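Listed here are the chains, written in short residue letters.
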Amino acid sequence: MKKKYMFLVVLLVLSIGVFSQIQGDDWLHTNGNQILDKDNNPVWLTGINWFGFNCTERVAHGLYANSLSDMLDICAYRGFNIIRLPFSTELLYEWMSGNPKMPQSVNYSVNPGLEGLNSLELFDVLVDEAKARGIKLLIDVHSAMADNSGHVYPLWYDGSFDTSIFMKTWEWFAQRYKNEDTIIAYDLENEPHGGEGNAAGYAKWDNSNDVNNWKKAAQDTALKILAINPNVLILVEGVEVYRDPTTPHIKQKIDPGYDPSTDYLTDIELHHGWWGGNLMGVKDYPINLGAHQDQLVYSPHDYGPSVYNQPWFEMGQGLSWNQMNVVWDHFWLFIHNQKTAPLLIGEWGGHMVEPNITWLKLLRRLLIEQKIHHTFWCLNPNSGDTGGILDYAFKGVDEVKYALLEEALWQDSQGRYIGLDHVVSLNALNTAEYSKRGTNVTLYYGGTIPTADPNQPTPAPANPKFELLYKCADNKDSVAQVKPHLQLKNTSSTPADLSDVTIRYFYTKEGDSTESAHIDYAALGSTVVKASMGSGYMEIGFSSGTLGGNANTGDIQSRFGKSDYSSYDQTNDFSFDPAHTSFSAYNKMAVYYKGELVYGSEPGGMETPTPIVTDVPPTPGPDFNCGDVNDDDTVNIVDSLLIAQLYVGLIQQDEVIIEAADVNKDGSVNIVDALLVAQSYVGIIELDCN
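Please read all numbers here as calculations on a predicted model, not as lab measurements. Residue positions within a chain follow its written sequence, with the count starting from 1. Note on the predicted model: pLDDT of at least 70 is required for a residue's local features to be given, and 80 or more for side-chain atom pairs to be given and counted; whole-chain, interface and lining totals, by contrast, use all residues. By convention in this description, side-chain values take in all heavy atoms of the structure and omit both hydrogens and water.

1. A look at the overall build of the protein chain
Working step 1: Only DSSP runs of H or I covering at least 4 residues are called helices, and only runs of E covering at least 2 are called strands; the numbering of each starts at the N terminus. A tally of regular secondary structure across the protein chain gives 16 helices and 30 strands.
Working step 2: Think of it in three bands: residues with accessible area under 20% of the maximum for their type are buried, residues over 50% are exposed, and the middle band is partly exposed, with areas taken using a 1.4 Å probe on protein chains only. Of all 690 residues assigned to the protein chain, the portion counted as buried reaches 57%.
Working step 3: Contacts spanning at least 24 positions in sequence make up 73% of the contacts within the protein chain whose residues lie at least 6 apart.
Working step 4: By element, 48% of the accessible surface of the protein chain is carried by carbon and sulfur atoms, the whole surface being about 27200 Å². Contacts are assigned to residue pairs that have any heavy atoms within 4.5 Å of one another. Working definition of accessibility: Shrake-Rupley area with a 1.4 Å probe, residue cover restricted to the visible protein chains.

Rendered as structure tokens:
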């Protein structure tokens, strides 16, 4: 597993001046109907679903249009403190077997850092990137098969993957990530469903040993997982149909015109709810996790009439507050009201049409008033029966739908979104905005986060770094229009506000005709990228947007010409290179960040400085301690921090003992060394620089 999280956490240390010496301090547990943190403070999980790993593509959808870092930036900036990620048993089986497949539909021009990674490696990057933003993850097995329609199958097993494999893959996952408190919860199976007599089978809830008894499968799987990781939350969904002859039918409860002589159905004991949304069986057959009962959360799904027009929407008072409370209490709300366990509504949402909007507002009211945990369905725009928060470019946000949802996100009195991490504030990577939009559990409850050294000033946030890729679209010596095509790449993990970035293409002005510049195409959108003419250069700027860490703007196709249509002699132009017929790095143009030249060069010799690398590192002396890079005779978290600062260029080699920093003796000082020092400090390993 590619563990880069120490690097990302240290970047956050540099930007907000804090660090944690505790690993695994973000695990949660339950008490009654509340979920609590390590200090027994109530927390509120308010998040979003992002599907795709469960599908044939084996990767979160949208990476063909946007970068992973930008997608997670959106989630953090918009206040989602947890993301529910659907998987498949088939995907986990491939990982467990050591045969992870390559993900499909990833655009590597906007995700260059993901190129060559298999599905498991890419997921590990996602975990690290989420950690850096203070986002927690909830993993959901959405189907047995890696299939875009796999969720339609009613059971957690099929001919290829039986219950035994279902459990073993969960055990493997729990073992692999048992120390990773970014992944704080497991939703064992998505929407077990089906009615009695269903040819494809059906999920039931009782005390039998039948293979299709979801209650037994869920309980047995949970106990196996908790034997490996007793700290993770276990989410158990309901079924579709529950057989109970003692409970009045929902029609009897809510229809004032109910007549038992005509309306009493012969199958009244069969209570039909949403797929996964019927938890009536908990009254008679509750999940029993023994000593681990305080890790159990029940997780129904609930939808409005735009998904399916359930009969209760048209009976009695229809879509009213009183009636919906009766319906919800019938199927799952009693669990919360009786303080049996917490609830997390794993899916709710739908299209912004009436009467679905009315239903959305009613459920939102319940979530807010009762502080019920939830993950909205969904981030993706490509969910046919609900739509999503994002547009089909996976960049823009449906502000109307988001405004409805935003009220049900965990916020403090200042409107800042509260993350579930005890050190990293939600949206913390966005250093310009995090303090206004995000905070964390520690700060929310009035705690303090220690600084690395209270006697030292907080280091300045690291600036993003850039590389410019250039392609000459018309490489003739004489042209009527000059056509530089560009791509800007952020080579750091620090997001860049594009409004602070400008790019200049330098040329020799010929004649007195007025000139104009144009953007023919921009992957970011023609309203975001703009072009203008200066004195001897064309300038490209951006009206808005963020370029995430290791992200790429995609193509920017620009051109400029004269009003009299006379030609340019490109051979005189500083930035012209006819050999660049495909995109590659180019330093004869200039990139400016906040007005300062940060990449490339200008006419007249001004060029971005090249970092001086000392060929011979300073000699520490024969008695240096491995990992003690500041030579204070102690190996601690400060040494790990210094190594990370060196790696991202915030300090120079002569400020630390290089030989002590290269703890794995691979000839370079990088984030692996920082991680090893951190592991030694907490007692996991011993260092040896020999």
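2. Examining the side chain of Gln 487
Working step 1: Looking at the element boundaries, Gln 487 is found in strand E19 (residues 484-490).
Working step 2: Here a polar contact means two N or O atoms within 3.5 Å. Within protein one must be a hydrogen donor candidate and the other an acceptor candidate, and residues neighboring in sequence count only if both atoms are side-chain atoms. Within polar-contact distance, the side chain of Gln 487 engages the side chain of Asn 552 at 3.3 Å.
Working step 3: In this structure the side chain of Gln 487 is engaged in a polar contact, spanning 2.5 Å, whose partner is the side chain of Asp 555.
Working step 4: Not counting chain neighbours up to four residues away, the residues in contact with Gln 487 comprise Glu 467, Leu 468, Leu 469, Asn 552, Thr 553, Gly 554, Asp 555 and Phe 583.

3. Some thoughts on the pattern of salt bridges
Working step 1: Salt bridge, as used here, is a side-chain nitrogen of Lys or Arg placed within 4 Å of a carboxyl oxygen of Asp or Glu. Inspection of the entire model under this criterion finds 27 salt bridges.
Working step 2: A salt bridge links Asp 26 to Lys 136, with the nearest nitrogen and oxygen atoms 2.8 Å apart. Residue Asp 26 is located in the loop between helix H1 (5-16) and strand E1 (29-31), and its partner Lys 136 is located in strand E6 (residues 136-143); the two are separated by 110 residues in the primary sequence.
Working step 3: The class of Asp 26 is buried, set by a relative accessible area of 2%.
Working step 4: Given a relative accessible area of 2%, Lys 136 falls into the buried group.
Working step 5: A salt bridge links Glu 369 to Arg 365; its shortest N-O distance comes to 2.9 Å. Of this pair, Glu 369 and Arg 365 both sit in helix H10 (residues 356-370), four residues apart, which is roughly one turn of the helix.
Working step 6: Classification of Arg 365 as partly exposed rests on a relative accessible area of 37%.
Working step 7: Here the residues in one salt-bridge network are Arg 84, Asp 140, Asp 187, Glu 237 and Glu 347, joined through shared partners.

4. Let's talk about the sheet that holds strand E21 (residues 501-506)
Working step 1: If you walk across this open sheet you meet the five strands as E23-E24-E21-E29-E30, and the pairing is antiparallel. A strand with exactly one partner marks an edge of an open sheet, and here the two such strands are strand E23 (529-533) and strand E30 (596-600). Sheet twist, expressed as the average angle between the axes of neighbouring strands with direction ignored, equals 25°.
Working step 2: At least two bridges found by DSSP between two strands are what make those strands a pair. Sheet analysis places E23 next to strand E24 (residues 537-542), joined by five bridges and oriented antiparallel. Within E24, the position partnered with Ser 532 by the bridge is Glu 539. For helices, the axis comes from a line fit to the C-alpha atoms of the stretch in contact; other axes are also lines fit to C-alpha atoms, and the angle between any two N-to-C directions lies between 0 and 180 degrees.

5. Some points on the packing of aromatic side chains
Working step 1: Any two of the Phe, Tyr and Trp rings considered here, Trp counted by its six-membered ring, make a pair once their centres fall within 6.5 Å; the pair's planes then place it as stacked at under 30 degrees, edge-to-face at over 60, or tilted in between. Counted by the stated rule, this structure contains 35 aromatic pairs.
Working step 2: Arranged with centres 6.1 Å apart and planes meeting at 65°, the rings of Trp 312 and Phe 313 form a pair that is edge-to-face.
Working step 3: A residue is classified by how much of its surface remains accessible, and Phe 313, at 7% relative accessible area, is buried.
Working step 4: When the centroid spacing of 5.2 Å and the interplanar angle of 70° are considered together, the rings of Trp 410 and Tyr 444 count as edge-to-face. One end of the pair, Trp 410, is in the loop between helix H11 (399-406) and strand E14 (417-419); the other, Tyr 444, is in helix H13 (residues 441-444), with 34 residues separating them in the sequence.
Working step 5: Classification of Tyr 444 as partly exposed rests on a relative accessible area of 34%.
Working step 6: Of note, Arg 78 hangs over the ring of Tyr 402, and the distance from its end group to the ring centre comes to 4.8 Å.
Working step 7: Criterion for a charge above a ring: Arg CZ or Lys NZ at most 6 Å from the ring centre, at most 35 degrees from the ring normal. Over the ring of Trp 321 we find Arg 365; its NZ or CZ atom is 3.7 Å from the centre of that ring.

6. Quick word on helix H6 (residues 214-228)
Working step 1: Expected span, for any helix, means 1.5 Å times one less than how many residues it has. Compared with the 21 Å implied by 1.5 Å per residue over 15 residues, the 21 Å span of H6 between its first and last C-alpha is a close match.
Working step 2: Buried within H6 are the following residues: Trp 214, Lys 215, Ala 217, Ala 218, Gln 219, Thr 221, Ala 222, Ile 225 and Leu 226.
Working step 3: One side-chain oxygen of the residue at the start of H6 lies 3.2 Å from the amide nitrogen of Lys 215, identifying that residue as Asn 213.

7. Considering the packing of helix H2 (residues 68-77) against helix H4 (residues 119-132)
Working step 1: Across the interface, H2 lies against H4 with an axial gap of 10 Å and an inter-helix angle of 40°. When the interaxial angle is binned, H2 and H4 end up oblique. H4 is crossed by H2, and the crossing has right-handed handedness. The segment H2 lies against H4, with Leu 68, Ser 69 and Leu 72 engaging Val 125, Leu 126, Glu 129 and Ala 130.
Working step 2: When residues are grouped by polarity, Ala, Val, Leu, Ile, Met, Phe, Trp, Tyr, Cys and Pro land in nonpolar, Asp, Glu, Lys and Arg in charged, and all others, Gly among them, in polar. Taken together, the residues of the contact of H2 with H4 sort by class into five nonpolar, one polar and one charged. An angle counts as roughly parallel when it lies under 35 degrees, as roughly antiparallel when it exceeds 145, as roughly perpendicular when it falls between 65 and 115, and as oblique in every other case. In this scheme the handedness of a crossing depends on how the near helix is turned from the far one: anticlockwise by less than a right angle means left-handed, clockwise means right-handed.

8. Considerations on the packing of helix H5 (residues 163-176) against H6
Working step 1: The geometry of H5 relative to H6 is characterised by a closest axis approach of 9 Å and an angle of 25° between their N-to-C directions. With respect to each other, H5 and H6 are oriented roughly parallel. With respect to the hand of their crossing, H5 and H6 are arranged in right-handed fashion. Contacts between H5 and H6 involve Phe 166, Met 167, Trp 170, Glu 171, Ala 174 and Gln 175 on the former and, on the latter, Trp 214, Ala 217, Asp 220, Thr 221, Lys 224, Ile 225 and Ile 228.
Working step 2: Along the lines of polarity and charge, the residues of the contact of H5 with H6 split into eight nonpolar, two polar and three charged.

9. Some thoughts on the confidence of the model for the protein chain
Working step 1: For every residue, the predictor assigns a confidence score, pLDDT, that lies between 0 and 100. Across the protein chain, the average pLDDT comes to 87, with 88% of residues at 70 or higher.
Working step 2: When the criterion is pLDDT under 50, residues 1-22 qualifies, and its contacts beyond four places in sequence or with other chains add up to 77 contacts.
Working step 3: For the stretch residues 606-622, pLDDT sits under 50, and the model shows 20 contacts to residues farther than four places along the chain or on other chains.

10. Here we look at the sheet that holds strand E2 (residues 34-36)
Working step 1: Spatially, E1-E2-E3 is the arrangement adopted by the three strands of the open sheet, whose pairing is antiparallel. Only two strands of the sheet have a single neighbouring strand rather than two, namely E1 and strand E3 (42-43).
Working step 2: Looking at chain direction, E1 and E2 are connected through three bridges and run antiparallel. Each residue of the ladder has a partner; that of Thr 30, found in E2, is Ile 35.

11. Some remarks on the pairing of strand E26 (residues 556-562)
Working step 1: With six of seven residues buried, E26 is to be regarded as a mostly interior element.
Working step 2: Pairing between strand E18 (residues 481-482) and E26: two bridges, direction antiparallel. Counterpart to Val 482 in the pairing with E26 is Phe 560.
Working step 3: The pairing of E19 with E26 spans two bridges and is antiparallel. Bridged to Leu 486 within E26 is Ile 556.

12. Re the pairing of E30
Working step 1: Here four bridges tie strand E29 (residues 590-593) to E30, and the two strands are oriented antiparallel to one another. Each residue of the ladder has a partner; that of Tyr 592, found in E30, is Leu 597.
Working step 2: Taking the residues that link successive antiparallel strands as the turn, the E29-E30 hairpin has two residues, and the phi of Lys 594 there is positive, at about 55°.

13. Regarding the environment of Asn 490
Working step 1: Along the chain, the position of Asn 490 falls in strand E19.
Working step 2: For the pair Asn 490 and Phe 466, spaced 24 residues apart in the sequence, the C-alpha separation amounts to 4.6 Å.

14. Quick look at the nonpolar core
Working step 1: In terms of nonpolar packing, the biggest core is built from 112 residues, with Trp 50, Phe 123, Phe 173, Tyr 186, Trp 214 and Tyr 298 touching the most fellow members.
Working step 2: No other element matches the nine residues that helix H9 (residues 321-337) contributes to this core.
Working step 3: In contact with Phe 173, other than residues within four places in its own chain, are Phe 87, Leu 92, Trp 95, Phe 123, Ile 139, Ile 183 and Tyr 186.
Working step 4: For the purposes of this section, nonpolar cores are sets of buried Ala, Val, Leu, Ile, Met, Phe, Trp, Tyr and Cys residues that join through side-chain atoms within 4.5 Å. Formed by 33 residues, the second largest nonpolar core is a distinct cluster that contains Cys 472, Ala 517, Phe 542 and Phe 560.

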